[in-house]
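Structural overview for review
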Amino acid sequence: MKKSILSAAVIFAFSIFLNTGCSSGPKRQMYISTIHNSCVDSIEAANACILSGNYDQAEDMLVKARTQAVSIDNYDLLLSVSLTHVSLYLSYNPPAIEKAKLYLEQAYALSAQTNKIEERELLCAMSEARILIAQNEVQKNYKTIVDKMDDAKKVFKNQPYNHAQCDSILGDVYRLSGNYKEADKVYNEAAKLFTDNRYLSEIGITWYKIAQNHSQSGNVKEALKALNTAIYYDRCAENSMALGADYYIKAVILLKGSPSDANKNEAKKSLKHSAEIYNAANRSELAEKSLELLKTLE
């Protein structure tokens, strides 16, 4: 009996020691982030699925992320989910504009309840600009978009990813307005920021845009050079969707004007390879598009 009492006393004393004897030790955390971190992982996974063309899987990940964000009453995460939905629906071919607008409206409503309202509203403005670009409504909204992106760049000056995304959007606006010189400048600024900070998938996408810009300005040589850079980084990122598009647009560039026989042959190779990549990625409808253009050359 004495032994039991002694044991209990030792345990109690040890418990007191654990609770009061280590006053210099780390304090208990006042913030649990288990669900938050899991939600962020779900959003990042959804973005990866969008880039690789796995749209159904991206939708599933966003449903999961939204449930997680609601469960911890986190409006910043809910806004991120809504904006990722915008990206998802703008990635469709053709873009699902109305669905994208619906989620943009949700994001704007959520921004007022987030921790950094100005930043979140500018993120919404970036998505709104992308919708206007997808709708071919750049000309009548030109000044509004440019001014808003310039404002956003100031706010995001210490956030390289968002800063580079602003440059990418500005590049699209300048390119679609025929201001190819300015577009090339900001696209290259975006490419540098993405490269310096190792945002791998975005590097390839930006060089694809640079190639488009050179092609539209009539500089075929620089367009093909930029496209080779895009292909390099899209290979590094294992981005099948981007690689299929790279080889397709390479053929389009090679066929501009009055192409030589050598350019036609190279274009045929590119289209065949584009179709092979798309089929390997289970995107038969995009492979068919490459093959349809190939048929016109045979």
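Before reading further, recall that the structure is shown in the block above.
Keep in mind the model is a prediction, meaning the values are calculated, not measured. (Residues numbered from 1 in each chain as written. Predicted model: local features only at pLDDT ≥ 70, side-chain atom pairs only at ≥ 80, totals over all residues. Heavy atoms only, no water.)

1. A short note on the overall build of the chain
From N to C terminus, the chain includes 14 helices and zero strands. Counting from the amino terminus, helix and strand elements in the chain follow one another as α-α-α-α-α-α-α-α-α-α-α-α-α-α. Computed over its C-alpha atoms, the radius of gyration of the chain comes to 25 Å, more than 25% above the 19 Å expected for a compact globule of 298 residues. Dimensions of the chain along its principal axes, counting C-alpha atoms only, are 100 × 40 × 35 Å. Out of the 298 residues in the chain, the part that is buried amounts to 42%. Taking as baseline every contact in the chain between residues at least 6 positions apart, the subset at least 24 positions apart corresponds to 56%. Surface summary for the chain: the accessible area is close to 16,900 Å², and the carbon and sulfur share equals 53%. Of the side-chain charges in the chain, 35 are positive and 35 negative, and the distance between the mean point of each set is 5 Å. (Helix = DSSP H or I, 4+ residues; strand = E, 2+ residues; numbered from the N terminus. Rg over C-alpha atoms; globule rule 2.2 N^0.38 Å. Buried < 20%, exposed > 50% of the residue type's maximum accessible area, 1.4 Å probe, protein only. Contact = heavy atoms within 4.5 Å. Areas by Shrake-Rupley, 256 points an atom, 1.4 Å probe, with all protein chains shown as cover. Lys, Arg positive; Asp, Glu negative; His and termini not counted. Charge placed at Lys NZ, Arg CZ, Asp CG, Glu CD.)

2. Considerations on the environment of N239
Along the chain, the position of N239 falls in the loop between α11 (220-236) and α12 (240-254). For N239, a relative accessible area of 4% gives the class buried. Here the alpha-carbon distance between N239 and A48, two residues 191 residues apart in the chain, equals 9.3 Å. Every residue in contact with N239, bar those within four places of it in the chain, is listed here: L51, S52, S201 and D234.

3. Observations regarding the environment of I145
As for its position among the elements, I145 is in helix α7 (residues 142-155). Among all residues touching I145, those that are not within four sequence positions of it are A129, L132, I169 and V173.

4. Let's talk about the packing of aromatic side chains
Throughout the structure, instances matching the rule amount to eight aromatic pairs. A centroid spacing of 5.8 Å and a plane angle of 25° characterise the contact between Y89 and Y103, whose relative ring orientation is stacked. Pair noted here: Y89 is in helix α4 (residues 75-91) and Y103 is in helix α5 (residues 97-111), with a separation of 14 residues, a long-range link. When sorted by exposure, Y89 lands in the same class as Y103, which is buried. (Phe/Tyr/Trp six-rings, centres within 6.5 Å; stacked < 30°, edge-to-face > 60°.)

5. A word on the pattern of salt bridges
Enumeration according to the criterion identifies 11 salt bridges in this entry. Residues K153 and D167 are paired through a salt bridge, measuring 2.8 Å at the closest nitrogen-oxygen approach. Of this pair, K153 sits in helix α7 while D167 sits in helix α8 (residues 160-176), and the two are 14 residues apart along the sequence. In terms of burial, K153 and D167 fall into one category: buried. With its nearest N and O atoms 3.7 Å apart, the salt bridge here joins R175 to D172. (Salt bridge = Lys/Arg side-chain N within 4 Å of Asp/Glu carboxyl O.)

6. Observations concerning a negative patch on the surface
Residues E118, E121, D150 and D151 make up a contiguous surface patch of negative charge. E118 sits in the exposed class, given a relative accessible area of 54%. (Patch = residues over 30% accessible without salt bridge, like charges linked within 9 Å, V, L, I, M, F, W, Y side chains within 5 Å.)

7. Some thoughts on the packing of α7 against α8
Where α7 contacts α8, the two axes come as close as 9 Å, and the packing angle between them is 160°. Classified by the interaxial angle, the pair formed by α7 and α8 is roughly antiparallel. The chirality of how α7 crosses α8 is left-handed. Of the residues in α8, those touching α7 at Y142, I145, V146, M149, D150, A152 and K153 are H163, C166, D167, I169, L170, V173 and Y174. Taken together, the residues that form the contact of α7 with α8 break down as 10 nonpolar, one polar and three charged. (Axes fitted to C-alpha atoms, helices over the stretch in contact; angles between N-to-C directions. Parallel < 35°, antiparallel > 145°, perpendicular 65-115°, else oblique. Left-handed = near helix turned anticlockwise from the far one by under 90°. Nonpolar A, V, L, I, M, F, W, Y, C, P; charged D, E, K, R; others polar.)

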